[in-house]
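Summary of structural features
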Amino acid sequence: MLDIEQMLKEIVGPENVSSNPAILEAYRFVAMGQDMPVCTRPGIVVMPANEEQVSRILTLANRSRLPVVTRGQGTGFQGENVPLEGGIMMDMSLMNRLIEIDEENMVVIAETACTMNLLNYELDKRGLAFPIRPWFSPNMHIGAYIINNGTGDFGAAHGRAGDHVRGLEVVLPTGQIMKLGSWAYTHGYGACFRYTGGPDLIGLFLNSGGGYGVVTKVALRVINKRRHVWYRTFAWPRNKLPDLSRAIYQCQRYGISSFHLQNYWSSRGIINAGLARWPAHSLGLFDEDMVIANLIQVSENKEILELLAKDTTAICLNNIGADLGPDLCQASQGPPYYAINLSTHYRFRPGTAPPFEGMNWAYFYHCTPTLKFPEYWDYFESVVDKYGFHDKRRGAGMFVFPLDAAMLNPYPTFGYRPEVPEEVLRMRKAYTEMQQGLARMGVLAYTFGAFLPKDFMANLGPSYSLMKSLKALIDPNNILNPSQL
Ligand SMILES: Cc1cc2nc3c(=O)[nH]c(=O)nc-3n(C[C@H](O)[C@H](O)[C@H](O)COP(=O)(O)OP(=O)(O)OC[C@H]3O[C@@H](n4cnc5c(N)ncnc54)[C@H](O)[C@@H]3O)c2cc1C
């Protein structure tokens, strides 16, 4: 490793390489916890500043047959960003420039580590926005969000983050640098369009967990912000989840702009921060027994928005939803084009969620048809219950995004205390049983990662073999994010 360290220093400068054990230890973990047994420390951390340096690092790794894991902010929680066998950790944080906002073509170009926060801040000044808004950290890298084909608010209207890619600059595992989409043309209009003759090569890199290449720059579609917004929260008792799912399904088919499903554990931060009252008692329900849908409609035209609001309200009332008014939705969702969904901010801000402090969170992300959501949630809660994590401090917390016209992206969670070894072991067992059970039910994986049981891949049949063949072709020494496939 000493020789490698020296060679890496020659590529990126000595200040951007570290083999200090304390620093290496930090890269063993994912940001939110999930102490899984598979993670190891990397052997060395390197921070490239441009695509040429990325290319030289990958060339070196190939020569030395060393695994490389690409790292953004480390907020992915399926083990996609931690090493399994030492090797090189390539932290992309230095490549953080927002390069250009091309208003004529409605495209923004940024380096991979440009944060969602910076991106939205600069777009906002021009009345523009990236169509999808994640729930989590505004500091997540845009390149990581894209490579994971991220989800978030406005997914009902705009799909996943990858649907808005217009161009990618990637470095292949063998070190070759290339641009994709209309960006690839030597004489062309730059990065303005994705489908430009030939198969969709950009698609190969989305949802790949970073196994097919390192993204160095992204070109993304932006949209005009809509001027008028309608917020509303509707509530259903926990035992009426099928009615809630039907209401949401009908809203999706009708054309809702966005919604977010939450329960007591996921809304509590907003209530504790004093931003909205939890009106459960006025409904004669206990907090823990309620599930809410925060609904958003946006429009450029006020009269149209009123009609949308009327129809959306009718759908929820017809499916026995109780109208809780606009406050809770407005407080937890924030301005619709803000960098993140505010419920995250208040959930994790110290002091605003006292019952949860001191917890690590076991997180899951999946895709499921909207009408199957009740069976998904019943199963999730039953496993949380079986392993003794179903209580007032730990959840199960419900965060659910729209994905499409009839799909959902649930993000369930439960808390455990990281300093109690018995609890960590119990969390691991619950985590594995949960994932295996959900895979058997046919639930879809959001992305791959080392913590995900192979049951999900096995379920993919021959297409999984094709993914592996493509990986072998593109990465013959299997050096890049080798745990992904
Ligand atoms: C509380 C919480 C809420 C979350 N909410 C959302 C959400 O709303 N929507 C959502 O989509 N995700 C969400 N996530 C998951 C996670 O935040 C996203 O996947 C995010 O995009 C990861 O960004 P990151 O910068 O932290 O990347 P990391 O976690 O460091 O990396 C994620 C993956 O991307 C790869 N990668 C990183 N950079 C590159 C690159 N330049 N080229 C190639 N591969 C790369 C890594 O190898 C890894 O496989 C949430 C996570 C948490 C903990």
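Residues numbered from 1 in each chain as written. Predicted model: local features only at pLDDT ≥ 70, side-chain atom pairs only at ≥ 80, totals over all residues. Heavy atoms only, no water.

A closer look at the overall build of the protein chain
- For the protein chain, the count of helices and strands is 16 helices and 22 strands.
- In summary, the protein chain has a C-alpha radius of gyration of 22 Å against a globular reference of 23 Å for 485 residues, a match within 12%.
- The principal-axis extent of the C-alpha atoms belonging to the protein chain is close to 70 × 55 × 45 Å.
- Considering only residue pairs separated by 6 or more positions, the protein chain has 73% of its internal contacts joining residues 24 or more positions apart.
- Carbon and sulfur atoms provide 53% of the accessible area of the protein chain, an area that totals close to 19,100 Å².
- In the protein chain, 44 positive and 45 negative side-chain charges are present, and the distance between their average locations comes to 2 Å. (Helix = DSSP H or I, 4+ residues; strand = E, 2+ residues; numbered from the N terminus. Rg over C-alpha atoms; globule rule 2.2 N^0.38 Å. Contact = heavy atoms within 4.5 Å. Areas by Shrake-Rupley, 256 points an atom, 1.4 Å probe, with all protein chains shown as cover. Lys, Arg positive; Asp, Glu negative; His and termini not counted. Charge placed at Lys NZ, Arg CZ, Asp CG, Glu CD.)

Looking at the pairing of strand β16 (residues 360-363)
- Every second residue of β16 is oriented toward a common face, with N360 and A362 on one face and W361 and Y363 on the other, all of them buried.
- Two strands pair when backbone bridges link them, and β16 and strand β21 (residues 413-416) are joined in this way by four bridges, in the antiparallel orientation. Its bridge partner being in β21, N360 is matched across the sheet by Y416. (Buried < 20%, exposed > 50% of the residue type's maximum accessible area, 1.4 Å probe, protein only. Pairing = 2+ DSSP bridges.)

As for the domain arrangement of the protein chain
- Taken domain by domain, the protein chain comprises domain 1 (2-91), domain 2 (98-224) and domain 3 (228-445).
- In this complex, domain 1 contributes 10 residues to the contact, which on the side of domain 3 involves 15 residues.
- Between domain 1 and domain 3, a total of about 1,100 Å² is buried, with carbon and sulfur atoms accounting for 57% of that surface.
- A class-by-class count of the residues in the side of domain 1 that touches domain 3 yields four nonpolar, four polar and two charged. (Domains from an automatic or database assignment. Buried area = accessible area lost by both parts, 1.4 Å probe. Nonpolar A, V, L, I, M, F, W, Y, C, P; charged D, E, K, R; others polar.)

Thoughts on the state of the cysteines
- In total, this model carries zero disulfides according to the counting rule given.
- Between C251, a cysteine without a disulfide, and C316, which holds the nearest cysteine sulfur, the sulfur-to-sulfur distance is 4.3 Å. (Disulfide = S-S within 2.5 Å.)

Focus: the pairing of strand β8 (residues 165-171)
- Of all seven residues that make up β8, seven are buried, and the element is covered over most of its length.
- Looking at chain direction, β8 and strand β10 (residues 214-221) are connected through six bridges and run antiparallel. Bridge pairing in β10 places G167 opposite A219.
- Relative to strand β9 (residues 177-181), β8 runs antiparallel, the two being bridged by five bridges. The partner of V170 across the bridge, within β9, is M178.
- The turn linking β8 back onto β9 is made up of five residues, and G175 within it adopts a positive phi angle of 105 degrees.

Observations concerning the site of the ligand
- Contacts to the ligand come from 35 residues, most closely from T70, T75, N81, W135 and Y446.
- Backbone polar atom of G74 to an oxygen atom of the ligand: 2.8 Å apart, as the coordinates give it.
- Contact distances for the ligand include 2.7 Å between an oxygen atom and a side-chain N or O atom of N81.
- Bound to the protein, the ligand loses 100% of the 970 Å² it would expose on its own. (Near = heavy atom within 4 Å. Polar contact = N/O pair within 3.5 Å; in protein donor to acceptor, adjacent residues only side chain to side chain.)

A closer look at the packing of helix α8 (residues 241-254) against helix α13 (residues 373-386)
- Two numbers describe how α8 lies on α13: the axes approach to 9 Å, and their chain directions differ by 140 degrees. Judged on the interaxial angle alone, α13 and α8 are oblique. Considering only the axes of α8 and α13, their crossing is right-handed. Across the interface between the two elements, L241, P242 and S245 from α8 touch F373, P374 and W377 from α13. (Axes fitted to C-alpha atoms, helices over the stretch in contact; angles between N-to-C directions. Parallel < 35°, antiparallel > 145°, perpendicular 65-115°, else oblique. Left-handed = near helix turned anticlockwise from the far one by under 90°.)

A closer look at helix α10 (residues 302-318)
- With 17 residues, α10 ought to run about 24 Å at 1.5 Å a step, and its terminal C-alpha atoms sit 24 Å apart, in line with that.
- Here the buried face of α10 lies against β12 (228-237), α8, β14 (290-299) and β15 (322-323). (Expected span 1.5 Å × (residues − 1).)

Digging into the pattern of salt bridges
- All chains considered together, the criterion is met by 24 salt bridges.
- One salt bridge connects R238 with D378, and the closest N-O pair in it is separated by 2.7 Å. Of this pair, R238 sits in the loop between β12 and α8 while D378 sits in helix α13, and the two are 140 residues apart along the sequence.
- For R238, a relative accessible area of 19% corresponds to the buried category.
- Among the ionic pairs, R417 bridges to E423, the shortest N-O distance being 2.6 Å.
- For E423, a relative accessible area of 2% corresponds to the buried category. (Salt bridge = Lys/Arg side-chain N within 4 Å of Asp/Glu carboxyl O.)

Regarding the environment of G152
- Locating G152 in the fold gives a position in the loop between α5 (142-147) and α6 (155-158).
- In sequence terms G152 and I132 are 20 residues apart; their C-alpha atoms lie 5.7 Å from each other.
- Here G152 is in contact with I132, R133, P134, Y145, F401 and P402, once residues within four sequence places are set aside.

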